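Descriptive analysis of the structure
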Amino acid sequence: ASDVYKRQSVMQLFDLENKKIIDLPDSLSFGEPKSMFDNNNNTIFITSGLHHFTQSGSITEIKNLKTIRTYNSNKLKGRDGKIVFPNETFIGSGNYNPYDKKIYFSTTNGIYKTDFIEGEGLKNVEFVFHPKLIWKQEPLAIGIDTAIKKINFLSNGGLILITESNGIGIYRKNKLNWLN
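Residues numbered from 1 in each chain as written. Predicted model: local features only at pLDDT ≥ 70, side-chain atom pairs only at ≥ 80, totals over all residues. Heavy atoms only, no water.

Some details on the overall build of the protein
Heads up, the condition is: Helix and strand assignments come from DSSP, with helices taken as H or I runs of at least 4 residues and strands as E runs of at least 2, each series counted from the N terminus. Classification of residues uses two cut-offs on accessible area relative to the type maximum, computed with a 1.4 Å probe and protein chains only: under 20% is buried, over 50% is exposed, and between them is partly exposed.
If you tally the helices and strands in the protein, you get 0 helices and 16 strands. Burial status across the protein gives 39% buried among its 180 residues.

See the structure below:
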């Protein structure tokens with residue numbers, strides 16, 4: 001059996017002032033990390049995704065240097081209470097939008113957004129849009145890597161996608177424009 005499914009990444013924190021690794025009471029572990037961001041309220045999120053024969057993805061919530069929850073893609077629910085990705089999906093880059101206070105994340109099924117409710121977690125996953133992207137296979141890999149490398153936001157709430165092959169896209173008012 002392959003050890004790919006057993007592989008975990010473990011985050012270590014380094015204290016620059018004292019030049020030493022900080023010993024954590026909790027192991028901050030997650031799958032294949034794609035992005036790390038915070039919600040301006042001392043909560044850190046890490047998106048992880050793997051596309052190797054099958055797809056998997058998760059969003060990990062970290063507070064006070066402790067893993068609070070890991071949300072596997074096949075457990076995320078929409079406003080109607082139904083599972084959004086019953087067969088799992090690859091989760092790529094994500095980010096927190098301070099304008100609408102939602103977390104946005106990319107998947108192989110498009111861009112989604114979700115509420116984060118303190119003490120309750122991720123709620124009400126909603127589909128935003130599905131951009132046509134060029135996906136590339138990693139050298140010597142069986143699966144694909146994320147096409148969207150970074151998600152960011154304009155001051156008016158517009159969504160910025162930074163991709164490996166398509167360039168930079170700006171999504172606002174239900175329209176995606178690529179910068180050349």
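Here the narrative resumes, following the displayed structure.
Re the sheet that holds strand 9 (residues 91-97)
Formally: A strand pair is defined by DSSP finding two or more bridges across the two strands. Interaxial angle, 0 to 180 degrees, is taken between N-to-C directions of lines fitted to C-alpha atoms, where a helix line uses only the stretch in contact.
Strand order across the open sheet formed by 4 strands is 9-10-11-12, with antiparallel pairing between neighbours. Unpaired on one side and paired on the other, strand 9 and strand 12 (121-129) mark the two borders of the sheet. Direction aside, neighbouring strands of the sheet carry axes that sit 25° apart on average.

Looking at the packing of aromatic side chains
In plain terms, the rule: The criterion for an aromatic pair is that two Phe, Tyr or Trp rings (for Trp, the six-membered ring) have centres within 6.5 Å, with stacked assigned to planes under 30 degrees apart, edge-to-face to planes over 60 apart and tilted to the rest.
Inspection of every chain in the model, using the stated rule, returns 7 aromatic pairs. Here Phe 105 and Tyr 112 contribute two aromatic rings whose centre-to-centre distance is 6.0 Å and whose plane-to-plane angle is 20°, an arrangement assigned as stacked. What makes Tyr 112 buried here is its relative accessible area of 9%. Within the aromatic cluster, the residues linked to one another by ring pairs are Phe 85, Phe 105, Tyr 112 and Phe 127.

Some remarks on the sheet that holds strand 16 (residues 175-179)
Read across the sheet, 4 strands follow the order 13-14-15-16 without closing on themselves; strand pairing throughout is antiparallel. The open sheet is flanked by strand 13 (148-153) and strand 16, the only strands paired with a single partner. Between one strand axis and the next, the sheet turns by 20° as a mean value, whatever way the strands run. Bridge analysis of strand 13 against strand 14 (residues 159-163) gives 5 bridges, and the strand direction is antiparallel. By the bridge assignment for strand 14, Ile 148 is matched with Thr 163.

Observations concerning the pattern of salt bridges
Defined as follows: Any carboxyl oxygen of Asp or Glu within 4 Å of a side-chain nitrogen of Lys or Arg constitutes a salt bridge here.
Under the counting rule described, the total for this entry stands at 6 salt bridges. Between Asp 115 and Arg 79 there is a salt bridge, with its nearest N and O atoms 3.8 Å apart. Pair noted here: Asp 115 is in strand 11 (residues 110-117) and Arg 79 is in the loop between strand 8 (66-72) and strand 9, with a separation of 36 residues, a long-range link. Residue classification places Asp 115 among the buried residues on the basis of a relative accessible area of 14%. In this structure Arg 79 comes out as exposed when scored by relative accessible area, which is 53%. One salt bridge connects Lys 102 with Asp 115, and the closest N-O pair in it is separated by 2.3 Å. With Lys 102 in strand 10 (residues 102-107) and Asp 115 in strand 11, the pair connects residues that are 13 residues apart, well separated along the chain. Using a relative accessible area of 12% as the deciding quantity, one classes Lys 102 as buried. Salt bridges linked by common partners bring Arg 79, Lys 102, Asp 115 and Glu 126 together as one network.

Let's talk about the environment of Ile 59
For clarity, the cut-off: Residue contacts are defined here by distance: any two heavy atoms, one from each residue, within 4.5 Å place the two residues in contact.
Inspection of the secondary structure assignment puts Ile 59 in strand 7 (residues 54-63). Using a relative accessible area of 1% as the deciding quantity, one classes Ile 59 as buried. For the pair Ile 59 and Ser 73, spaced 14 residues apart in sequence, the C-alpha separation works out to 7.8 Å. Not counting chain neighbours up to four residues away, the residues in contact with Ile 59 comprise Phe 45, Ile 46, Thr 47, Arg 69, Thr 70, Tyr 71, Ile 91, Phe 105 and Leu 122.

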